[in-house]
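# Results of the structural survey
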Amino acid sequence: MIYWRSSNYAKGVELIVLSGPGGVGKSTVSEYLRKNAEGIWVSVSMTTRAPRDGEIDGIDYYFCSESEFKAKIDEGAFLEWAHFAGNYYGTPRSAVAAEISAGRAVLLEIEISGARQVRAAWDSAYLVFLAPPSFSELERRLLGRGTDTPERAAQRLEIAHEEMAQSHWFDEVLINSSVEEVAARLIALASQPRQIG
Ligand code: 5GP
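The numbers attached to residues start from 1 for each chain and follow its sequence in the written order. It should be noted that, the model being predicted, local features are given only for residues of pLDDT at least 70 and side-chain atom pairs only at 80 or more, the latter also being counted only at that level, while totals for whole chains, interfaces and linings use all residues. Only hydrogens and water are removed before side-chain values are computed, so all heavy atoms of the structure are retained for them.

Turning next to the site of the ligand. In the vicinity of the ligand lie 15 residues, with R49, Y61, Y89, E109 and E111 positioned nearest. Any pair of nitrogen or oxygen atoms within 3.5 Å is treated as a polar contact; in protein, a donor-acceptor pairing is required on top of that, and neighbouring residues in sequence qualify only through side-chain atoms on both sides. One of the side-chain N or O atoms of Y89 is found 2.5 Å from an oxygen atom in the ligand. Side-chain polar atom of E111 to a nitrogen atom of the ligand: 2.7 Å apart, as the coordinates give it. Relative to its unbound accessible area of 510 Å², the ligand is 88% covered by the protein chains. Just so you know the grouping, Ala, Val, Leu, Ile, Met, Phe, Trp, Tyr, Cys and Pro go in nonpolar, Asp, Glu, Lys and Arg go in charged, and all remaining residues, Gly too, go in polar. Its residues assigned to classes, the shell around the ligand comprises 5 nonpolar, 4 polar and 6 charged. Nearness is judged by heavy atoms alone; a residue qualifies as near a molecule or strand once a single heavy atom is within 4 Å of it. Here, Shrake-Rupley sampling with a 1.4 Å probe gives the accessible areas, and only protein chains in the shown set may cover a residue.

What follows covers the confidence of the model for the protein. For every residue, the predictor assigns a confidence score, pLDDT, that lies between 0 and 100. Mean pLDDT for the protein: 89, with 91% of residues reaching 70 or above. Throughout, a contact is declared for two residues whenever any of their heavy atoms are within 4.5 Å. Segment residues 1–11 is flagged for pLDDT under 50; beyond a separation of four residues in sequence, or across chains, it makes 16 contacts in the model.

Moving on, we get to the side chain of E172. Numbering goes from the N terminus for both helices and strands, where a helix is a DSSP run of H or I of at least four residues and a strand is a run of E of at least two. With respect to the element layout, E172 can be found in strand β10 (residues 172–175). Of the residues examined, E172 reaches a relative accessible area of 13% and is grouped as buried. Polar side-chain contacts of E172 include one of 2.7 Å to the side chain of R185. Burial classes: relative accessible area under 20% of the type maximum marks a residue as buried, over 50% as exposed, and values in between as partly exposed (1.4 Å probe, protein chains only).

On to the packing of aromatic side chains. Note on ring pairs: Phe, Tyr and Trp rings are taken, using the six-membered ring of Trp, and paired if centres are within 6.5 Å. Classes follow the plane angle, with under 30 degrees stacked, over 60 edge-to-face and the rest tilted. One pass over the full model with this rule turns up 9 aromatic pairs. When the centroid spacing of 6.4 Å and the interplanar angle of 75° are considered together, the rings of F69 and W81 count as edge-to-face. Highlighted residues: F69 in helix α2 (residues 66–75) and W81 in strand β6 (residues 78–84), separated in sequence by 12 residues. With a relative accessible area of 32%, W81 lands in the partly exposed category. For the ring pair W81 and Y88, a centre distance of 5.9 Å and an interplane angle of 40° mean the geometry is tilted.

Right, let's talk about the pairing of strand β7 (residues 87–92) for a bit. Burial within β7 is extensive, with 5 of its 6 residues counted as buried. Strands pair, by our definition, only if DSSP identifies at least two bridges between them. Of the strand pairs in this sheet, strand β4 (residues 46–47) and β7 are connected by 2 bridges, and their pairing is antiparallel. Directly across from T47, in β7, lies its bridge partner Y89. One ladder, built from 6 bridges, connects β6 with β7; its direction is antiparallel. Across the sheet, the residue bridging to F84 is N87, located in β7.

What follows is the structure, encoded as structure tokens:
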């Protein structure tokens with residue numbers, strides 16, 4: 001029950017962006033939120049990447065062809081989009097707008113160039129950078145599968161270094177020490193009062 005709310009305050013942060021380097025565990029957090037946080041709607045992106053084992057169209061991603069994706073870019077259907085590791089990824093604008101106007105907080109789990117586009121286009125968005133407990137931990141997670149060639153492994157680490165250097169323009173940096181703690185902070189953000197203007 002709301003006892004009192006100043007007209008200067010909106011209900012909470014309407015758009016939260018969760019970003020950070022590859023391998024840090026963003027998708028584990030967003031999966032956890034999908035199952036456990038009714039007040040937050042986790043956006044479903046469109047991608048040209050092939051589905052991985054167990055991924056479901058419409059739940060994990062909307063999987064599409066490159067020509068379908070490019071047509072959506074031309075229509076202005078994306079809030080942001082990026083070409084990342086050989087594939088296209090984008091956030092459908094209309095679903096995000098519909099959820100926000102229905103009063104739900106929306107979370108985008110996206111890579112860093114997408115976060116930068118949201119920063120430029122959406123003033124009130126709150127940007128969270130998810131960081132690993134240490135770089136050696138990220139290295140362990142990135143290289144853990146051991147399936148990369150030495151060149152590819154070196155490239156992944158270099159990209160991760162560049163991504164880690166971007167945290168300073170985010171609103172908040174969260175250390176991913178536990179999925180539950182990160183999720184609790186995001187849930188708190190989505191429900192905290194926020195001053196308008
Ligand atoms: P993956 O292929 O491992 O599912 O995702 C690769 C990267 O793309 C991850 O860093 C993920 O956060 C990011 N990503 C997923 N959806 C989007 C999106 O709609 N826009 C952007 N910019 N990045 C996305």
